[in-house]
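Remarks on the overall topology
These are the residues of each chain, in order.
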Amino acid sequence: ALAAAAALGAPAAAQELPAVNVAIANCPVAGPYIQLAVDAAVASCGVEGECAPAGGMDYCPGASCALKFECFDAEFDCGSYGVNGTAGDYTCLTLKAAAPEGSDADLTIGVGFQFGEGMALASAAFPEKDFGIIDGTFDPPLSNVEAFFYREDQVGFLAGVAMCEVAKAIDNKVVGIIGGIPIPPVKAFVNGAATACADVCADCTIFEAYSESFNNANNEGEALADQMVAEGVGVVFAAGGGTGSAAIRYLATQGVYVIGVDSDEYYSTFEGGAAPGSEFLLTSALKRVDSGIVQAINCFLYNWEDCAGQNNVMDAANDGVGMAPCHDACEVYTEEIQQQVADLFVAMQDDAIDTGVDLETGDRLSATITVLAPGGGR
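Residues numbered from 1 in each chain as written. Predicted model: local features only at pLDDT ≥ 70, side-chain atom pairs only at ≥ 80, totals over all residues. Heavy atoms only, no water.

End to end, helix H2 (residues 32-45) covers 20 Å across 14 residues, agreeing with the expected 20 Å (1.5 Å per residue, within 8%). Inspection of H2 places Tyr-33, Ile-34, Ala-37, Val-38, Ala-40, Ala-41, Val-42, Ser-44 and Cys-45 among the buried residues, and these make up the whole buried set. Looking at the buried side of H2, the elements it contacts are strand S3 (19-25), strand S4 (66-71), strand S7 (107-111), strand S13 (257-262), strand S14 (281-287) and helix H9 (289-302). Looking one or two places after H2, you find Gly-46, whose phi comes out positive at around 70°. (Helix = DSSP H or I, 4+ residues; strand = E, 2+ residues; numbered from the N terminus. Expected span 1.5 Å × (residues − 1). Buried < 20%, exposed > 50% of the residue type's maximum accessible area, 1.4 Å probe, protein only. Contact = heavy atoms within 4.5 Å.)

So this is what it looks like as C-alpha cells:
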C-alpha cells in the first residue's frame, strides 16, 4: 500500500491506499482492447493526471487506490518460486506483480486468459493477497481470486443476426464464420453466430472454419479468408484474435462485408478508417474488458466477498458484452437492422434469449453449417 498524500492532500502517515497492479504484458499498450482496460483502471482508482503504462513505472496515487501496470520485464527472476525464466512470460509476470520483492500489489489483475496459470501459482504463493483475472475462469474457483468471464455466445448471437440480416439485404445468403483455436470461448462465439443466423435466415448457407493459431502464423488468416472468398460469401464474422483480424482485413479489400470481435476493430484493424476496406466493416462483437476491470476493482475496494472465490459472468445484463457502431458501413448495416440487434440485446438482458450454445463447452445445440478444413476444402 502507498501513501495517499498526493491524491487526497493528507499527510503521508494519515492514510494509505491499497495498491492495484494491472498486468497487461506489453508496454506501451498494444491495441484498443488493452487501452480500454487501462482507461477503466485509471478511472476506477480515481487517478488524475498521467498514468501511462511503462516498464519500471511507479504506482500512481488515486482517490481510491494506487495503480500501476505490470509489463514484461526480463530483469525479474522467478526462480525462487519454482518458475524458470523471467517476467517475460505471463506466469512470471503475475508473480512479479504480487511479490513483496516485486511490485507488492494488494490486488493483481491479469487481463486475458493467458494469465490463468500464473494467477493460480501466484494466488497460492501469496494467500494473503488478492487477485483477479479478466476473461478467464478456474475450476474449482480459487478463494483469493475473482475471475470474470464473458458470454461469448450472447455477443456471437448478436453478430450472427447482424451478419445474416445484412446477407439478406445485399441478396447474398452465403456467409462465413472464422474462429480461432477451437477452445470453448471461441466455439461459443462461432456457434452463437451460427444459431442466430439460422434463426433469422433459414435459407442462408453458413461456412465455418477454425484456425490453428491466434497470431496469424504463416498468414493463416489470409488463407482462411481465401477459402471463404472461394465459397462466394457475402458477409463474414471472425473471432480469432490476430488471425481473425488478418482475415477480415483481407476480406474487406475483396469487397466482403465483415464483423470484428473483442474490441471495435474499426480503430485497430482498420486504423480508424484509414485502412483499405474500412467501409466493409459492419460492426464488432464486443467483450467489454473495461466493465470487467471496473467490477474487479470495485469488488476489491468495497465488496470483495461478492466476487472472490467464484467465476463471475460478464453478459448482456451487466453490459459485459455489446456491439460496436457501424462507422463507415451504416448504409448497409442499417438503422432497421441495428434496432433489431438492439431489441435482442434488451431481451438478453431479461434472459429471454436462448443462444443454442452449451455454456461449458461452447458446442452448438442446433443449426446447420458446412465446416471448411484448415488446409482448404471441406
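Here we have six strands laid out as an open sheet, ordered S4-S3-S7-S8-S9-S15, and parallel in their pairing. With one partner strand each, in any of the chains shown, S4 and strand S15 (310-314) form the two edges of the open sheet. Sheet twist, expressed as the mean angle between neighbouring strand axes with direction ignored, is 20°. Relative to S15, strand S9 (residues 145-150) runs parallel, the two being bridged by five bridges. Following the sheet pairing, Phe-149 is matched in S15 by Val-313. Along the sheet, H2 makes contact with S3, S4 and S7, crossing S4 at roughly 160°. Against the sheet, helix H3 (residues 90-98) contacts S3, S4, S7 and strand S8 (130-134), and its axis sits at roughly 155° relative to S4. (Pairing = 2+ DSSP bridges. Axes fitted to C-alpha atoms, helices over the stretch in contact; angles between N-to-C directions.)

This next bit is on the packing of aromatic side chains. Aromatic rings considered in pairs are described by the distance between their centres and by the relative angle of their planes. For the structure on display, the rule yields eight aromatic pairs. Judged by centre distance (5.4 Å) and plane angle (90°), the ring pair of Tyr-266 and Tyr-267 falls under edge-to-face. Over the ring of Tyr-59 we find Lys-68, and its NZ or CZ is 5.7 Å from the ring centre. (Phe/Tyr/Trp six-rings, centres within 6.5 Å; stacked < 30°, edge-to-face > 60°. Lys NZ or Arg CZ within 6 Å of the ring centre and 35° of its normal.)

On to H9. If you check H9, its first and last C-alpha atoms are 20 Å apart, about what 14 residues at 1.5 Å a residue would give, namely 20 Å. Listing the buried residues of H9 in full gives Val-289, Asp-290, Ser-291, Gly-292, Ile-293, Ala-296, Ile-297, Cys-299 and Phe-300.

Membership of the largest hydrophobic core comes to 99 residues, with the highest contact counts inside it found for Val-20, Val-22, Leu-67, Phe-69, Phe-237 and Ile-293. Examining the composition of this core, we find that ten residues originate from one element, helix H5 (residues 152-169), more than from any other. The residues contacting Val-20, other than those within four sequence positions of it, are Cys-45, Tyr-59, Cys-65, Ala-66, Leu-67, Lys-68, Leu-107, Ile-109, Ile-297 and Phe-300. (Core = buried A, V, L, I, M, F, W, Y, C linked by side-chain atoms within 4.5 Å.)

What follows deals with the state of the cysteines. Following the criterion strictly, the structure yields eight disulfides and no others. Bridging Cys-51 to Cys-60, the disulfide has an S-S length of 2.3 Å. Torsion about the S-S bond of the Cys-51 and Cys-60 cystine: about 95°, corresponding to right-handed handedness. There is no split in this pair, since Cys-51 and Cys-60 are both buried. Disulfide pairing is shown between Cys-201 and Cys-204; the S-S distance is 2.1 Å. Across the S-S bond of Cys-201 and Cys-204 the torsion is about 85°, and the bridge reads as right-handed. (Disulfide = S-S within 2.5 Å.)

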